Amino acid sequence: MIEAQYPAAVDRYVNLGQFYDIEAAKACRSEVIAHSDACHAAYARAFRRLKAAHQVECDAMEQVRLNKVKAERRARGIIARELRKKNGRVGKTTLRFLGSVTYKGHICFFDTVEELCSKVYVLTDHYHLAGGMIERFHQAALASGHDVIACPSPEDPKTLRHLLIPDLGLAFVTSDDQEPYTGQVYRRIRVDSMAEITSRSQLRFSLRMVELLREEAIQALREAKKSHDALEAVYNPYVDFDGVHALAGQEAARILSYLERE
């Protein structure tokens, strides 16, 4: 439930609870509680594993440094070639997640990239070093007057993984073992080749631990999905979906009517 901040004057309540058969649902109380608790516990376990994986990964990356001279030289050449100034305006950024960790594993909707951009630079990066270069392209695109879609990492939203510049048909995407880009590549930037590693054996050990923690997180998400499906199966016979859909249609029409007045 979302609490209305300014009831009636600005916000309004939409009561979906009216479509439950309350007495029938109460008869399934023990099943509802068991499936709900199992779902919440599995989600909590998944979040703990993902948080631990991110922390171990951050520690592991202390073994890796980006050769900033090489990276800047490469970035500067691409900016000069692809991001010439368009006009006097400054572009704007729209933030969108392109993928995430799900019960199906890592998913990234690269079809969105292919739909909007025909020229795709792929940054091959297994050590999480590409974020700085993509941020460099991001700022250069804005300064050149281009609107962009910036796609943060779902596990570290402060870091960009992908950047789309639709008016140029240009994209910069990160590709690694978890989210490999398999579409048409215009140019490939091998960020891995710019990495300077102090201890490869320690790095391999840490990254293997990260992989195992993420596998456990994905398994927990599968368990959460299973419990959630079981919970829905208990509730579904006692919900008036025709009423839900009718109310949804009324609310949609009301919202769209505001747009027609503008």
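Relevant structure appears above.
In this report, the structure presented in the accompanying data block is examined. (Residues numbered from 1 in each chain as written. Predicted model: local features only at pLDDT ≥ 70, side-chain atom pairs only at ≥ 80, totals over all residues. Heavy atoms only, no water.)

## Focus: helix 5 (residues 130–143)
Structurally, the α-helix is built with 3.6 residues per turn, so residues lying three or four positions apart point the same way. The end-to-end C-alpha distance of helix 5, which contains 14 residues, comes to 20 Å, matching closely the 20 Å that a straight helix rising 1.5 Å per residue would cover. Where helix 5 is concerned, the buried positions are A130, G131, M133, I134, F137, H138, A140, A141 and L142. Phi turns positive one or two residues past the end of helix 5, at G145, with a value near 95°. (Helix = DSSP H or I, 4+ residues; strand = E, 2+ residues; numbered from the N terminus. Expected span 1.5 Å × (residues − 1). Buried < 20%, exposed > 50% of the residue type's maximum accessible area, 1.4 Å probe, protein only.)

## Description of the pattern of salt bridges
Between side chains of opposite charge, a pair can form when the charged atoms approach closely. Across all of its chains, the model carries 15 salt bridges by this definition. Between D176 and R161 there is a salt bridge whose closest N-O contact spans 3.2 Å. Linking D176 in the loop between strand 8 (170–175) and strand 9 (187–190) with R161 in strand 7 (residues 160–165), this pair joins segments that are 15 residues apart in sequence. A relative accessible area of 9% means that D176 is categorised as buried. Between E179 and R161 there is a salt bridge, with the nearest N and O atoms lying 3.2 Å from each other. One end of the pair, E179, is in the loop between strand 8 and strand 9; the other, R161, is in strand 7, with 18 residues separating them in the sequence. R161 matches E179 in its accessibility class, with the two residues each being buried. By sharing partners, the salt bridges in this structure join R12, E251 and R254 into a single network. (Salt bridge = Lys/Arg side-chain N within 4 Å of Asp/Glu carboxyl O.)

## Thoughts on the packing of helix 2 (residues 29–60) against helix 6 (residues 200–235)
Contact geometry of helix 2 with helix 6 gives a least axis separation of 8 Å together with a crossing angle of 165°. Classed by the angle they form, the pair helix 2 and helix 6 counts as roughly antiparallel. Crossing of helix 2 against helix 6: the hand is left-handed. Class assignment for the residues of the contact of helix 2 with helix 6 results in 24 nonpolar, 5 polar and 7 charged. (Axes fitted to C-alpha atoms, helices over the stretch in contact; angles between N-to-C directions. Parallel < 35°, antiparallel > 145°, perpendicular 65-115°, else oblique. Left-handed = near helix turned anticlockwise from the far one by under 90°. Nonpolar A, V, L, I, M, F, W, Y, C, P; charged D, E, K, R; others polar.)

## Things to note about the packing of aromatic side chains
Tallied over the full model, the rule gives 6 aromatic pairs. The interplanar angle of 45° and the centroid separation of 5.7 Å between the aromatic rings of Y20 and Y235 together place this pair among those described as tilted. Separated by 215 residues along the polypeptide, Y20 in the segment before helix 1 (22–26) and Y235 in helix 6 bring together distant segments of the chain. Classification of Y235 by relative accessible area gives partly exposed; the value is 26%. Each member of the aromatic cluster is reached from another via a ring pair, and the members are Y121, F137, F172 and Y186. (Phe/Tyr/Trp six-rings, centres within 6.5 Å; stacked < 30°, edge-to-face > 60°.)

## Examining the environment of S227
Along the chain, S227 turns up in helix 6. Residues in contact with S227, not counting those within four places in the same chain, are H35, A38 and C39. (Contact = heavy atoms within 4.5 Å.)

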